[in-house]
Amino acid sequence: MLYPFTFKPILKKVIWGGSDICPFKGITPIENGVGESWELSHVEGNYSIVDNGELEGQSLDELIRTYGKELLGGKVMERFGTTFPLLIKFIDARDNLSIQVHPNDELAKKRHNSFGKTEMWYVIKAAEGAALYSGFSKQIDADEYVKRVEDNTIMDVLRRYDVRPGDVFFLPAGRVHAIGAGCFIAEIQQTSNITYRIYDYNRKDANGKGRELHTELAKDAIDYTLYPDYRTSYEAQANAAVELADCKYFTTNLLDLDKPMTRDFSGLDSFVVYICMEGNASIRDNEGHELSVHQGQTILIPASAKEVKITPAPGAKFMETYIGQ
């Protein structure tokens, strides 16, 4: 019988990594320079390992191969096969990350035999003056894009956002974006490791070499549509499931709780992921499996669970994600 799972975080030390991930997750000793914690991953070579219960030590891949629809949901397997379709991360940027774009499913399949990458960001913490980039600030086309990369003026046409905790950005494949220094975010994305680097601030490594840019690959992947705003607006509400994103790859809600809430998943036919953003709570499914969770933990509820009751103590905030469409 399956139960709510926690997993060992996969910590990634990188040159731009900060110092927030370990304290946020309650990991000791605290390691600095951790730029990412892969919370739930089915990326080859980075399979998440179960950290609780009788299946402790098994990989997410083993769970999928053993339990299939019971874990993922029938409709999820029809669409994604035996791939867990989401990658959940915390990202802590001490420095500006490169300007990037990800291809859509069609382009990624043709070029890399991979899924594309649509993703979303939730800002957990932001240093004073922290900003990120999403989309364009003026209309450009593919030719102007190439020219601006070549003459180092691409930043002049990107939309810059000062950010604060609670800000949400939905990033469909094709949207140019970058995380700025001082941003600590939770990221939900398709399971894909395909990134085209557009611009890297002319930074050089110890040998005086710049990082590779993917100007031509990115040119065909970019959505050049100009939108009035690239930030997601939502009304925060206590003890309700507030929708942050809803697309064919994932539906994400924010749950800000100060009293127990029961969630009915009997008609969903999908796994559910909870990311604990604040506080702590107990999560209990309809089979009586109970799990205590705290800030910084990510929990996978198998598709076989029909109902989940979250009891916060004294208050807790979660992001809830599943395949809804």
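Structural notes, computed from the coordinates. If you're wondering where the values come from, they're calculated on a predicted model, not measured in any experiment.

1. What to know about the overall build of the protein chain
At step 1: Along the backbone of the protein chain there are seven helices and 22 strands.
At step 2: For a compact globule of 325 residues, the expected C-alpha radius of gyration is about 20 Å, and the protein chain comes in at 20 Å, within 12% of that figure.
At step 3: Its C-alpha atoms give the protein chain principal-axis dimensions of roughly 60 × 40 × 40 Å.
At step 4: Looking at the 325 residues of the protein chain, the share that counts as buried comes to 55%.
At step 5: Within the protein chain, contacts between residues at least 6 apart in sequence are counted, and of these 75% link residues at least 24 apart.
At step 6: Carbon and sulfur atoms form 45% of the exposed surface of the protein chain, whose accessible area is close to 14100 Å².
At step 7: A gap of 3 Å separates the mean positions of the 36 positive and 47 negative side-chain charges of the protein chain.

2. Overview of unusual backbone geometry
At step 1: Following Thr-28, the chain continues into Pro-29 via a peptide bond in cis, with omega recorded as -5°.
At step 2: Omega for the bond connecting Ala-313 with Pro-314 falls within 30 degrees of zero, at -10°, which places this linkage in the cis form.
At step 3: Locating Pro-314 in the fold gives a position in strand β22 (residues 307–322).
At step 4: For Asn-202, which is not glycine, the phi dihedral falls at a positive 55°.
At step 5: You can see Asn-202 is positioned in the loop between β14 (196–199) and α7 (215–221).

3. A word on the nonpolar core
At step 1: Formed by 44 residues in total, the largest nonpolar core has its most connected members in Phe-5, Leu-71, Phe-84, Tyr-122, Phe-271, Leu-300 and Met-319.
At step 2: Ranked by size, the runner-up nonpolar core spans 39 residues in total, among them Trp-16, Ile-91, Ala-178 and Tyr-196.

4. Topic: the environment of Tyr-224
At step 1: Its place among the elements puts Tyr-224 in the loop between α7 and β15 (231–232).
At step 2: Tyr-224 sits in the buried class, given a relative accessible area of 15%.
At step 3: Excluding residues within four positions of it along the chain, Tyr-224 makes contact with Phe-136, Gln-139, Ile-140, Asp-141, Ala-142, Tyr-145 and Lys-219.
At step 4: Polar side-chain contacts of Tyr-224 include one of 3.0 Å to the backbone oxygen of Lys-219.

5. A look at the pattern of salt bridges
At step 1: By the definition in use, this model includes 20 salt bridges.
At step 2: Measuring nitrogen to oxygen at the nearest pair gives 3.0 Å for the salt bridge that ties Lys-25 to Glu-39. Here Lys-25, found in helix α1 (residues 21–25), pairs with Glu-39, found in strand β3 (residues 34–40); they are 14 residues apart in sequence, far enough to count as distant. Across this residue pair, the class does not change: Lys-25 and Glu-39 are buried.
At step 3: Glu-36 is paired through a salt bridge with Lys-89; the nearest N and O atoms lie 3.4 Å apart. In this pair, Glu-36 sits in strand β3 while Lys-89 sits in strand β6 (residues 86–93), placing the two residues 53 residues apart along the sequence.
At step 4: With a relative accessible area of 6%, Lys-89 lands in the buried category.
At step 5: Where salt bridges share partners, they join Asp-95, Asp-200, Arg-203 and Arg-211 into one cluster.

6. Details of the pairing of β22
At step 1: Across seven bridges, strand β17 (residues 251–257) lies against β22 in antiparallel orientation. Bridge pairing links Thr-252 to Thr-321 in β22.
At step 2: One ladder, built from four bridges, connects strand β18 (residues 261–264) with β22; its direction is antiparallel. Residue pairing in the sheet places Thr-262 in a bridge with Lys-309 of β22.
At step 3: Bridge analysis of strand β19 (residues 272–285) against β22 gives twelve bridges, and the strand direction is antiparallel. From the neighbouring strand, Arg-284 faces β22, where its bridge partner is Lys-309.

7. Looking at the packing of aromatic side chains
At step 1: A complete count under the given rule lists 15 aromatic pairs for this structure.
At step 2: With a centroid separation of 4.5 Å and 45° between ring planes, the pair formed by Tyr-3 and Phe-5 is classed as tilted.
At step 3: Taking the relative accessible area as the measure of exposure, Tyr-3 reaches 8% and is therefore buried.
At step 4: With a centroid separation of 5.7 Å and 70° between ring planes, the pair formed by Phe-80 and Phe-115 is classed as edge-to-face.

8. Observations concerning the environment of His-214
At step 1: Inspection of the secondary structure assignment puts His-214 in the loop between β14 and α7.
At step 2: Through-space distance from the C-alpha of His-214 to that of Ile-10 is 27 Å; in sequence the pair is 204 residues apart.
At step 3: The contacts of His-214, once residues within four sequence positions are left out, are Tyr-145, Thr-195, Tyr-196 and Arg-197.

9. What about the side chain of Asp-285?
At step 1: Inspection of the secondary structure assignment puts Asp-285 in strand β19.
At step 2: Only 3.0 Å separates the side chain of Asp-285 from the backbone nitrogen of Glu-287, close enough to count as a polar contact.
At step 3: At a separation of 2.9 Å, a polar atom in the side chain of Asp-285 contacts the main-chain amide nitrogen of His-289.

Cut-off values and rules
- Residues numbered from 1 in each chain as written.
- Predicted model: local features only at pLDDT ≥ 70, side-chain atom pairs only at ≥ 80, totals over all residues.
- Heavy atoms only, no water.
- Helix = DSSP H or I, 4+ residues; strand = E, 2+ residues; numbered from the N terminus.
- Rg over C-alpha atoms; globule rule 2.2 N^0.38 Å.
- Buried < 20%, exposed > 50% of the residue type's maximum accessible area, 1.4 Å probe, protein only.
- Contact = heavy atoms within 4.5 Å.
- Areas by Shrake-Rupley, 256 points an atom, 1.4 Å probe, with all protein chains shown as cover.
- Lys, Arg positive; Asp, Glu negative; His and termini not counted.
- Charge placed at Lys NZ, Arg CZ, Asp CG, Glu CD.
- Core = buried A, V, L, I, M, F, W, Y, C linked by side-chain atoms within 4.5 Å.
- Polar contact = N/O pair within 3.5 Å; in protein donor to acceptor, adjacent residues only side chain to side chain.
- Salt bridge = Lys/Arg side-chain N within 4 Å of Asp/Glu carboxyl O.
- Pairing = 2+ DSSP bridges.
- Phe/Tyr/Trp six-rings, centres within 6.5 Å; stacked < 30°, edge-to-face > 60°.

Keep in mind these values describe shape, not function.
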